[in-house]
Amino acid sequence: MADQKKEQNNQQGKINIELDEAMAQGTYSNLAIINHSVSEFVVDFVNIMPGTPKSKVKSRIILTPQHAKRLAKALAENVKRFENAHGAIKDYEKNPIPVNFGPTGQA
């Protein structure tokens with residue numbers, strides 16, 4: 001009986017997360033635009049390609065302020081672990097991806 005209760009407690013503390021094949025492929029983003037209101041943070045992920053005059057939002061994530069803060073903390077911790085393993089990530093003084101980067105077409 002004690003083992004059954006312990007197993008139930010272990011199962012209650014776990015979250016079962018499913019990742020299907022399409023989602024596992026991921027979506028590449030080289031730009032994140034963040035906006036917020038008093039009740040939520042909205043993060044739009046965009047993929048800007050050279051020579052493309054217009055880009056679309058590829059994914060939008062809406063977070064509560066509490067979850068946004070947890071995400072920022074988790075991301076900072078993971079960047080620190082990455083840098084400890086692989087060296088410092090170069091940071092740029094200015095945005096390395098100008099909005100109008102790449103060749104422009106002429107007729």
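Residues numbered from 1 in each chain as written. Predicted model: local features only at pLDDT ≥ 70, side-chain atom pairs only at ≥ 80, totals over all residues. Heavy atoms only, no water.

**Q** Can you help me understand the pairing of strand E2 (residues 41–46) in this one?
**A** Here is the key point about a regular strand: its side chains alternate between the two faces of the sheet. The sheet contact formed by strand E1 (residues 31–36) and E2 spans six bridges and is antiparallel. Its bridge partner lying in E2, Ala-32 is registered against Phe-45. Between the antiparallel neighbours E1 and E2 lie four residues. The sheet contact formed by E2 and strand E3 (residues 57–63) spans six bridges and is antiparallel. When the sheet's bridge partners are listed, Phe-45 is paired in E3 with Ser-59. (Pairing = 2+ DSSP bridges. Helix = DSSP H or I, 4+ residues; strand = E, 2+ residues; numbered from the N terminus.)

**Q** Would you mind showing me how to read the sheet that holds E3 here?
**A** Strands in a sheet are paired, the pairing made by backbone hydrogen bonds, and the direction either parallel or antiparallel. Pairing is antiparallel across the open sheet formed by three strands, whose spatial order is E1-E2-E3. The open sheet is flanked by E1 and E3, the only strands paired with a single partner. Shown here is a sheet whose adjacent strand axes are inclined to one another by a mean of 15°, direction ignored. Contacting E2 and E3, helix H3 (residues 65–86) crosses the sheet at an angle of about 115° to E3. (Axes fitted to C-alpha atoms, helices over the stretch in contact; angles between N-to-C directions. Contact = heavy atoms within 4.5 Å.)

**Q** Looking at this structure, I do not really get the side chain of Asn-47. What am I missing?
**A** Relative to the helices and strands, Asn-47 is located in the loop between E2 and E3. Those residues within four positions of Asn-47 in sequence are excluded, and the remaining contacts are Tyr-28, Asn-30, Ser-55, Lys-56 and Lys-58.

**Q** Is there a simple way to explain the confidence of the model for the protein in this structure?
**A** Residues at a pLDDT of 70 or more form 76% of the protein, whose mean pLDDT is 85. When pLDDT is averaged over each element of the protein, H3 comes out on top at 98 and helix H1 (residues 2–12) at the bottom at 56. Confidence drops under a pLDDT of 50 for residues 101–107, and excluding neighbours within four residues, the segment shows eight contacts in the predicted structure. (pLDDT = per-residue confidence, 0-100.)

**Q** Help me out: how do you make sense of a nonpolar patch on the surface in this one?
**A** Among the surface-exposed residues, Leu-75, Val-79, Phe-82 and Ile-89 lie close enough to one another that they form a single nonpolar patch of about 350 Å² accessible area. Within the fold, Ile-89 resides in the segment after H3. (Patch = residues over 30% accessible without salt bridge, like charges linked within 9 Å, V, L, I, M, F, W, Y side chains within 5 Å. Areas by Shrake-Rupley, 256 points an atom, 1.4 Å probe, with all protein chains shown as cover. Salt bridge = Lys/Arg side-chain N within 4 Å of Asp/Glu carboxyl O.)

**Q** Looking at this model, I keep getting lost on the side chain of Asp-44. Mind explaining?
**A** Relative to the helices and strands, Asp-44 resides in strand E2. Accessibility expressed as a relative area gives 7% for Asp-44, which makes it buried. Side-chain polar atoms of Asp-44 contact the side chain of Arg-60, separated by 2.6 Å. Ignoring sequence-local partners within four residues, the contact set of Asp-44 consists of Leu-31, Ala-32, Ile-33, Val-57, Ser-59 and Arg-60. (Buried < 20%, exposed > 50% of the residue type's maximum accessible area, 1.4 Å probe, protein only. Polar contact = N/O pair within 3.5 Å; in protein donor to acceptor, adjacent residues only side chain to side chain.)

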